Amino acid sequence: MNAIVLKGARLIDPASGMDAAGDISIADGRIAEVGKITSHPTGARAIELPGCWVMPGLCDAHVHFRQPGFEHKETIATGSAAAARGGYTSVVCEPNTKPPIDNIAVVEEVARIAARDSLVKLRVKVCMTEGQRGDKAIDPAPLARNPIVAAVSDDGNPIIRRDVAAEACRLAARCGLPVSPHCEDSERSLADCLAMPDCEFAGREPFTNEDRFIRRDIECAEAAGAALHISHVSLAASLEMIRRAKVNGLAVTCEAAPHHLLLDSSCRIGGAMPLVNPPLRPAGDVATLGRALEDGLIDAIATDHAPHAADEKKAGARGLIGLECSLALIITGFVKTGRITPMRMAELMSAAPRRIFRLEPAALRPGAPGDIVVIDPDAQWTIDSSAFASKSRNCPYDGRRVSGRAILTIVSGRIVWEA
Ligand SMILES: [Zn+2]
């Protein structure tokens, strides 16, 4: 029997509200016992964990693993190894691969590679429109028969046309998939906008329309009866829009990325602002985002792990990697400073993303999946992306001293990372 007993840790479980010292045993892929464990299963490996936190494995609902098509940036093998090192046991991948995940053949290819190569549980979002081109909504129902499919998103090419967005929401709602748009208006999407008469997003600078996209998507999702999850919200005005929707009882949730919570537009790495979509924002927006993390308006933290090769990054590719340092950044920036509790962190980084994307819940109770992260909150280390499992190095935190580290990550009862 493959059994592990974690002893003398602080058990933190958002599902039950438990925050108490105790032990936990995992056998045959599932949690066997929780509490004071005196008799170990035969052959079990016992690990003493004084001072450590044990919580359900982290879940990152926004990652780019780049396979198929961009394997020089990341693969499911390297991306999932990065996830395991970061304490994640589940991820949801964006569909902007090459080809994009907009048909059954690609869904099946990704499912096949994930079954073979992924160290963590992997799900995907599928495109909202054919080829992410924004002009023809896809019916995701046939794709959603594959259990790997968790949601729909056109990733960084948000749909400009309202009629297409409305239809995509209607089709997603019909098969029970959450809609997870990126409400970012890149230069490319605004160029689409210029080509359309009377475009509702016309007349503003790139990346200043986030709140207008969010309002449009809230309206479309509400009319369709779809659950809406806003990716990487970055502006105070957007949060106001989301607050109002929640007050009105709409099924709207949102996530923030660590870089939007911790870096503002004055940040310079090697003399330049790190490039990411949406861009780093002024300090006022960052402060408002932080308060929304504390007060519960922001539902989840997602890394938007977006690997790029060094030459592509030099040529202006947008995106930052985040799987291997986000836990430490959040512990250092928000938990150690008393802004959020370890329980709230577990809610933001583990329970909420699973709930929003309707994944199998993870919890610290007998019978639940053996998906666990053990965190040493006091481990001090210096971020050094050259030591990462990710293929890419576009990390803006190199040299930063942080505390907190995943020292053990367990997926279905199997150790996938051990520091
Ligand atoms: Zn993304």
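No experiment lies behind these values; they were computed from the predicted model shown.

1. Things to note about the sheet that holds strand 12 (residues 300-301)
Okay, step 1: Spatially, the three strands line up as an open sheet ordered 10-11-12, and their pairing is parallel. Edge positions in the open sheet fall to strand 10 (228-230) and strand 12, since each of these has one partner strand only.
Okay, step 2: Strand direction decides the pairing type here: strand 11 (residues 252-256) and strand 12, joined by two bridges, are parallel. Residue pairing in the sheet places Glu-255 in a bridge with Ala-300 of strand 12.

2. Structural notes on the nonpolar core
Okay, step 1: Membership of the largest hydrophobic core comes to 86 residues, with the highest contact counts inside it found for Met-55, Leu-122, Val-124, Ile-148, Met-345 and Met-349.
Okay, step 2: A domain split of this core shows at least three residues from each of domain 1 (3-54 + 373-382 + 403-418) and domain 2 (57-356).
Okay, step 3: Non-local contacts of Ile-148, meaning those with residues more than four positions away in its chain, are made with Val-107, Val-110, Ala-111, Ala-114, Leu-122, Arg-123 and Val-124.
Okay, step 4: Listed in part, the 18 residues of the second largest apolar core include Ile-24, Ile-26, Ala-363 and Leu-364.

3. Describing the domain arrangement of the protein chain
Okay, step 1: Each domain of the protein chain was delimited in the assignment, giving domain 1 (3-54 + 373-382 + 403-418) and domain 2 (57-356).
Okay, step 2: Contact residues are listed per partner, giving 24 residues for domain 1 and 25 residues for domain 2.
Okay, step 3: Between domain 1 and domain 2 the total buried area reaches about 1800 Å² when both faces are included, carbon and sulfur atoms providing 72% of it.
Okay, step 4: The interface formed by domain 1 and domain 2 includes four residue pairs in polar contact (both at pLDDT 80 or more).
Okay, step 5: Among the secondary structure elements, those contributing two or more residues to the side of domain 1 that touches domain 2 are strand 1 (3-13), strand 2 (18-27), strand 13 (372-382), strand 14 (401-411) and strand 15 (414-418).
Okay, step 6: Residue contributions to the side of domain 1 that touches domain 2 peak at seven residues, all from strand 14.
Okay, step 7: Residue classes in the side of domain 1 that touches domain 2 are distributed as 13 nonpolar, five polar and six charged.

Reading guide: rules and limits
Residues numbered from 1 in each chain as written. Predicted model: local features only at pLDDT ≥ 70, side-chain atom pairs only at ≥ 80, totals over all residues. Heavy atoms only, no water. Pairing = 2+ DSSP bridges. Helix = DSSP H or I, 4+ residues; strand = E, 2+ residues; numbered from the N terminus. Core = buried A, V, L, I, M, F, W, Y, C linked by side-chain atoms within 4.5 Å. Buried < 20%, exposed > 50% of the residue type's maximum accessible area, 1.4 Å probe, protein only. Domains from an automatic or database assignment. Contact = heavy atoms within 4.5 Å. Buried area = accessible area lost by both parts, 1.4 Å probe. Polar contact = N/O pair within 3.5 Å; in protein donor to acceptor, adjacent residues only side chain to side chain. Nonpolar A, V, L, I, M, F, W, Y, C, P; charged D, E, K, R; others polar.

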